[in-house]
Amino acid sequence: MVTGPTIRTVLGDIPPADLGVCNAHDHLFLRSPQLPGQELADAGAAAAELAAFRAAGGAAVIQWTPYGMGRGAAELPRLARESGVTVVAATGLHQAAHYAPGTVERVRPGLADLFVTELTEGIGGTGTRAGMIKVAGGFHGLDPHARYTMAAAAEAQRATGAAIGVHLELGTGALDVLELLCGELAVSPDRVILGHLNRSPDLAVHRAAAEAGAYLAFDGPSRANHATDWRLPEALAALAEAGFGDRILLGGDTTTAAARSVDGGPGMPHLLRRLRSRLELDLGADLVTRFLTDNPARAFAAEWGRGGSEVGTGVEEGAVGGG
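Below is a short write-up of the structure. (Residues numbered from 1 in each chain as written. Predicted model: local features only at pLDDT ≥ 70, side-chain atom pairs only at ≥ 80, totals over all residues. Heavy atoms only, no water.)

**Things to note about the nonpolar core**
Counting 81 residues, the largest nonpolar core has Ile 133, Val 166, Leu 181, Leu 194, Phe 218, Leu 236 and Leu 250 as its most contacted members. Setting aside its immediate chain neighbours within four residues, Leu 250 contacts Cys 22, Asn 23, Ala 24, His 25, Phe 218, Leu 236, Leu 271, Leu 279, Phe 291 and Leu 292. Core analysis: the second largest hydrophobic core is formed by 20 residues, Trp 64, Met 132, Ala 163 and Ala 299 among them. (Core = buried A, V, L, I, M, F, W, Y, C linked by side-chain atoms within 4.5 Å. Buried < 20%, exposed > 50% of the residue type's maximum accessible area, 1.4 Å probe, protein only. Contact = heavy atoms within 4.5 Å.)

**Looking at the layout of surface pockets**
Roughly 360 Å³ of internal volume is contained in the largest pocket. Of the residues that constitute the lining of the largest pocket, the class distribution is five nonpolar, 10 polar and five charged. (1 Å grid on protein atoms, 1.4 Å probe; cavity = no way out; pocket = protein on both sides within 12 Å on 5 of 7 lines; lining within 4 Å. Points joined across faces, edges and corners; volume = space filled by probe spheres on them. Nonpolar A, V, L, I, M, F, W, Y, C, P; charged D, E, K, R; others polar.)

**Concerning the sheet that holds strand E3 (residues 22–26)**
Here we have three strands laid out as an open sheet, ordered E3-E4-E5, and parallel in their pairing. Strands at the two margins of the open sheet, each flanked by one partner only, are E3 and strand E5 (86–88). Ignoring which end each strand starts from, the neighbouring axes of this sheet average 15° apart. As defined by bridge partners, strand E4 (residues 60–63) adjoins E5 across three bridges and the pair is classed as parallel. Paired with Ala 60 across the strands is Thr 86, a residue of E5. (Pairing = 2+ DSSP bridges. Helix = DSSP H or I, 4+ residues; strand = E, 2+ residues; numbered from the N terminus. Axes fitted to C-alpha atoms, helices over the stretch in contact; angles between N-to-C directions.)

**Comments concerning the packing of helix H6 (residues 174–184) against helix H7 (residues 203–212)**
Between H6 and H7, the least distance of the axes is 9 Å, while the angle of their chain directions is 20°. Taken as axis vectors, H6 and H7 run roughly parallel relative to one another. Note that H6 runs across H7; the crossing there is left-handed. Side by side, H6 and H7 meet where Ala 174, Leu 175 and Leu 178 of the first sit next to Val 205, Ala 208, Ala 209 and Ala 212 of the second. Grouping the amino acids of the contact of H6 with H7 by side-chain chemistry returns seven nonpolar, no polar and no charged. (Parallel < 35°, antiparallel > 145°, perpendicular 65-115°, else oblique. Left-handed = near helix turned anticlockwise from the far one by under 90°.)

**A closer look at the environment of Asp 143**
By the secondary structure assignment, Asp 143 is in the loop between strand E7 (132–136) and helix H5 (144–160). The exposure class of Asp 143 is partly exposed, given its relative accessible area of 41%. For the pair Asp 143 and Thr 293, spaced 150 residues apart in sequence, the C-alpha to C-alpha distance is 34 Å. Here the side chain of Asp 143 touches Ala 146 through a polar contact of 2.7 Å, landing on its backbone nitrogen. (Polar contact = N/O pair within 3.5 Å; in protein donor to acceptor, adjacent residues only side chain to side chain.)

**Overview of H7**
Among the residues of H7, those classed as buried are His 206, Ala 209 and Ala 210. With its buried residues spanning 100° around the axis, H7 presents them on a single face. Against the buried residues of H7 lie H6, strand E9 (192–195), strand E10 (215–219) and helix H8 (232–241). By the N-cap criterion, in which a side-chain oxygen at the helix start approaches the backbone nitrogen of a residue two or three places on, H7 is capped by Asp 202, the distance to Ala 204 being 3.1 Å. (Arc of directions from axis to C-beta.)

**Things to note about unusual backbone geometry**
A negative phi holds for most residues other than glycine; trans holds for most peptide bonds. A positive phi angle, near 55°, is found at Leu 170, a position not held by glycine. For Leu 170, the location among the structural elements is in the loop between strand E8 (164–167) and H6. With a phi angle near 70°, His 196 is a residue other than glycine that sits in the positive phi range.

**Notes on the packing of H8 against helix H9 (residues 270–283)**
What describes two packed helices is the angle between their axes and the distance between those same axes. Axis separation between H8 and H9 bottoms out at 10 Å; the angle between their running directions is 50°. One way to sum up the angle between H8 and H9 is to call them oblique. In this structure, the crossing between H8 and H9 has a hand that is right-handed. Contacts from Leu 232, Pro 233, Leu 236 and Ala 237 of H8 reach H9 at Leu 275, Arg 278, Leu 279, Asp 282 and Leu 283. Taken together, the residues of the contact of H8 with H9 break down into seven nonpolar, no polar and two charged.

**Observations regarding the sheet that holds E7**
With respect to topology, six strands assemble into an open sheet ordered E6-E7-E8-E9-E10-E11, the strand pairing being parallel. Each edge of the open sheet carries a strand with a single partner, namely strand E6 (90–92) and strand E11 (248–251). For this sheet, the mean inter-axis angle between neighbouring strands, taken without regard to orientation, is 30°. Pairing between E9 and E10: two bridges, direction parallel. The residue of E10 that forms the bridge with Ile 193 is Tyr 215. Contacts from H6 reach E8 and E9, with the element oriented near 160° to E9.

From the geometry alone we can't say anything about function, so treat these as descriptive.
Okay, here's the thing in structure tokens:
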């Protein structure tokens, strides 16, 4: 029996030390009205992508796909088992624009209970439990939807211990998120992971977020329209030199079918085949290995609670367009 903090994977809870080299933010399955025709919905392609990641030296993938965006919860355990790659699923809710009309309104009344149920009992009727909560901010601010969703995430976090991963729109709004989650809503900063900080290479904001105690995820490399790979060594070196090397996570954030390596894109292997070696030139292999192993092992581990509120909102994954 595992005691102490554990990481909740789709195959059960594991000790943090067993996580290995981790892609801390990516997607095996994803669909959104914002990405028509680019759905990640092919289980065979997901299996091939995991195999390619494994061949590049990867051991674990954290899928940040939240509720209602085609998480593939029923497929994830099989894919993890057959690939040998540890997979962590997410609950949570994205920006309203990523859902069909009426979806957000249907889940809103029992949102915190929905998150707790998916973390402690399972997603829909699959029995696959989520291991983190994913929410989203807006561009340089937080609209009412983001504030409501983050309040529900904070309630679920207190009930379960799960980490909260935050999509920052184009990397902006990090300090607004921390003011809300860790100030008003009293979530411990070390339970918050700020995503997409590479897209806004403001070193002062990065340092302020690290000083607050949050984890900083630099994810989505190889996107030439973002300030990603070419500014990343500078940003990470600045954080490490300031003593915040233990706050950094790295991820791939593959969001379209065309971006998968098996379809000719960089995909999950790019993180280890190209980005890792590039960062090692400036930062050294030991520090980059910590970004990929020790840091995610701490960030996603939790002392799991059973849930402190009544669950059973009556909302099932299939009832609002799937997971």
